[in-house]
Amino acid sequence: MRLDALPAALGQVVGNRGLVTDGSDLDPYRHDWRHMFKGRPLCAVLPRNTREVAEVMQLCAASGVAVVPHGGNTGLSGGATPDESGQQVVLSLARMNAIRDIDVIGETIEVEAGCVLQTAQEAVDEKGLLLPITLAAEGSARIGGIVSTNAGGTNVLRYGMARSRILGLEVVTADGQVINGLRRLRKDNAGYDWKQWFIGSEGTLGIVTAAVLQLAPKPRHRVTALLAIPSPADALQVLCAARNAIGETLTGFELMAGSALELVTRHQHLKVPLGASAWYVLLEASSSLPGLRDATEAFLGDVLEREIATDGVVAESERQEADLWTLRESITEAEGREGRSVKHDVSVPISSIPDFLKTADEAVMRSFPDVRINTFGHAGDGNLHYNVIVPTYLDAAALNQLVHDVVVSFGGSISAEHGIGQYRVNELERCRASVELAIARRIKDALDPQNLLNPGKVLALR
Ligand code: MLT
Ligand code: ZN
């Protein structure tokens, strides 16, 4: 089929309201939410069900036209933005947003790809359960994006990345076949676990249309505390002390540079309930059993006495808990208001965090004296958002390379949770071993031989 005839044919499949072809209606599909990545789609289609997704893929495959899957568009790596060719179809899952089933006894939810994470969280909460994937963008991020980016967030420490919550998937392949793997099994060793190929592959191997997620019991007790900390090394001492004292109840351990909270107070007009400090830790613990608050307060007393924390505040109400989390979750927005920033979503072995920061800070300031480093992140997972606020003229690629070289020298990863998208494609090619890249290409060739699924994302175009 000729390219200019394709939108009308796709419209036959998804109906008039499911086809977007012109003007400002296409705007949401032209760029990511930070306006960092821009593209020009041929059209956008919004199927209503899995059969329509399959038919869209069949038409696009027959026409040799590439498809860019689109969820809540909250990613930070440009994975959902088409290229500039005007020849790619954006496939939005937004109209497939049903919660198909919540199994209270089995602790599972079956949900369509377009359902907003927070909607799914609220639905299971009403049933007394917890969907333990938590991230700043949960009010807009959709399940399909969570699955296909293997999202992380602020409680990975306790519950793991999205991958570890996914029991089953429904996927539409590049040639428009439906794989129904919506099994709810905790144990399933029957051959290859193919769903893992689609988790975290950012829509380059198939379109995720629905998922079965494993839920968890909803903890009845929660303690949230903000601590002022002299250094990253002290933060790790506090982490060890927390593990010893309150062990498996620890759900979040977020490290924030004082400068990150300074941005938040200045741009978001929020108040930090502690005095100025070089670093802060936001810690959360939760449990179904009573006694958590007493145990946490005893542990906090201990770290203050040992001076690995210099001050602390424990939230006394849900409101105060939310306020502490708002400080943490506003950093990205405040950073955006401060000016241009170059993001690094890196991970290193947890014990290497202090040395990594020292080495990276020295290297960056030596080569780029005009920048400001804005470090925060999920220190309990070894994941740091090592973001750098830069002048407009700065060569971002050179800065990326310098930081990533330090990351690799510590045995780290150049993307802990945000994924590769289009932002880190070249850096992945540079930093990963050729044998790893060759295996990735063989899987891509097997599942998407025409290279029509999100081309140029994760793997470089050849
Ligand atoms: C966060 O943890 O707040 C985001 O993943 C980070 C970012 O904006 O770099
Ligand atoms: Zn993060």
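The structure this text deals with has already been given above.
Residues numbered from 1 in each chain as written. Chains lettered and ligands numbered in written order. Predicted model: local features only at pLDDT ≥ 70, side-chain atom pairs only at ≥ 80, totals over all residues. Heavy atoms only, no water.

J.: What should I look at first to understand helix α2 (residues 50-63) in this one?
T.: Working note: α-helix, 3.6 residues per turn, so residues spaced by three or four point in the same direction. The end-to-end C-alpha distance of α2 is 20 Å, a good match for the 20 Å that 14 residues give at a rise of 1.5 Å each. Most of α2 sits out of view: 10 of its 14 residues are buried. Within α2, the full set of buried residues consists of T50, E52, V53, A54, V56, M57, L59, C60, A61 and S63. For α2, the N-terminal capping position is held by N49, with its side-chain oxygen 3.2 Å away from the main-chain nitrogen of R51. Phi turns positive, to about 65 degrees, at G64, one or two residues after α2. (Helix = DSSP H or I, 4+ residues; strand = E, 2+ residues; numbered from the N terminus. Expected span 1.5 Å × (residues − 1). Buried < 20%, exposed > 50% of the residue type's maximum accessible area, 1.4 Å probe, protein only. Polar contact = N/O pair within 3.5 Å; in protein donor to acceptor, adjacent residues only side chain to side chain.)

J.: Sorry, what's going on with the coordination of the zinc ion (ligand 2) here?
T.: The expected angle between donors at a tetrahedral four-coordinate metal is 109.5 degrees. At an octahedral six-coordinate metal it is 90 or 180 degrees. Bound to the zinc ion (ligand 2) are the protein donor atoms H378 (NE2), H385 (NE2) and E417 (OE), situated 1.9 to 2.2 Å from the metal. In primary sequence terms, the donor set of the zinc ion (ligand 2) follows H-x6-H-x31-E. Within this pair, whereas H385 is found in strand β19 (residues 383-389), its partner E417 is found in the loop between α13 (396-409) and α14 (425-431), the two being separated by 32 residues in sequence. With a relative accessible area of 4%, H385 lands in the buried category. For E417, a relative accessible area of 11% puts it in the buried group. (Donors = N, O, S within 2.8 Å, 3.2 Å for Na, K, Ca; no water.)

J.: Explain the pairing of strand β10 (residues 207-214) here, please?
T.: Looking down a regular strand, the side chains alternate between one sheet face and the other. Within β10, 8 of the 8 residues are buried, which leaves it mostly tucked inside the rest of the structure. When strand β6 (residues 108-112) meets β10, the two strands line up antiparallel, connected through 5 bridges. Residue E110 lies in a different strand from β10, and its bridge partner there is V212. Note that strand β8 (residues 166-172) and β10 share 6 bridges and pair antiparallel. (Pairing = 2+ DSSP bridges.)

J.: Would you explain the site of ligand 1 in this entry?
T.: Inspection of the region around ligand 1 gives L76, R328, T332, K343, F376, H378, H385, N387, E417 and H418 as its neighbouring residues. T332 is positioned such that a nitrogen or oxygen atom in its side chain is 2.4 Å from an oxygen atom of ligand 1. Protein chains shield 90% of the accessible area of ligand 1, which is 280 Å² for the free molecule. Broken down by secondary-structure element, the contributors of at least two residues to the shell around ligand 1 are β18 (372-378) and β19. (Near = heavy atom within 4 Å. Areas by Shrake-Rupley, 256 points an atom, 1.4 Å probe, with all protein chains shown as cover.)

J.: Hey, could you run me through the packing of aromatic side chains in this one?
T.: According to the stated counting rule, one finds 5 aromatic pairs in the structure shown. On the basis of an interplanar angle of 65 degrees and a centroid distance of 5.9 Å, the ring pair of F37 and Y423 is categorised as edge-to-face. Here Y423 lies in the loop between α13 and α14 and F37 lies in the loop between β1 (19-20) and β2 (41-45), a separation of 386 residues in the sequence. With centroids separated by 6.0 Å and ring planes inclined at 90 degrees, the aromatic side chains of F356 and F410 adopt a geometry described as edge-to-face. Of this pair, F356 sits in helix α12 (residues 353-367) while F410 sits in the loop between α13 and α14, and the two are 54 residues apart along the sequence. Since its relative accessible area comes to 21%, F410 is described here as partly exposed. An aromatic cluster of at least three residues, connected via ring pairs, comprises F356, Y386 and F410. (Phe/Tyr/Trp six-rings, centres within 6.5 Å; stacked < 30°, edge-to-face > 60°.)

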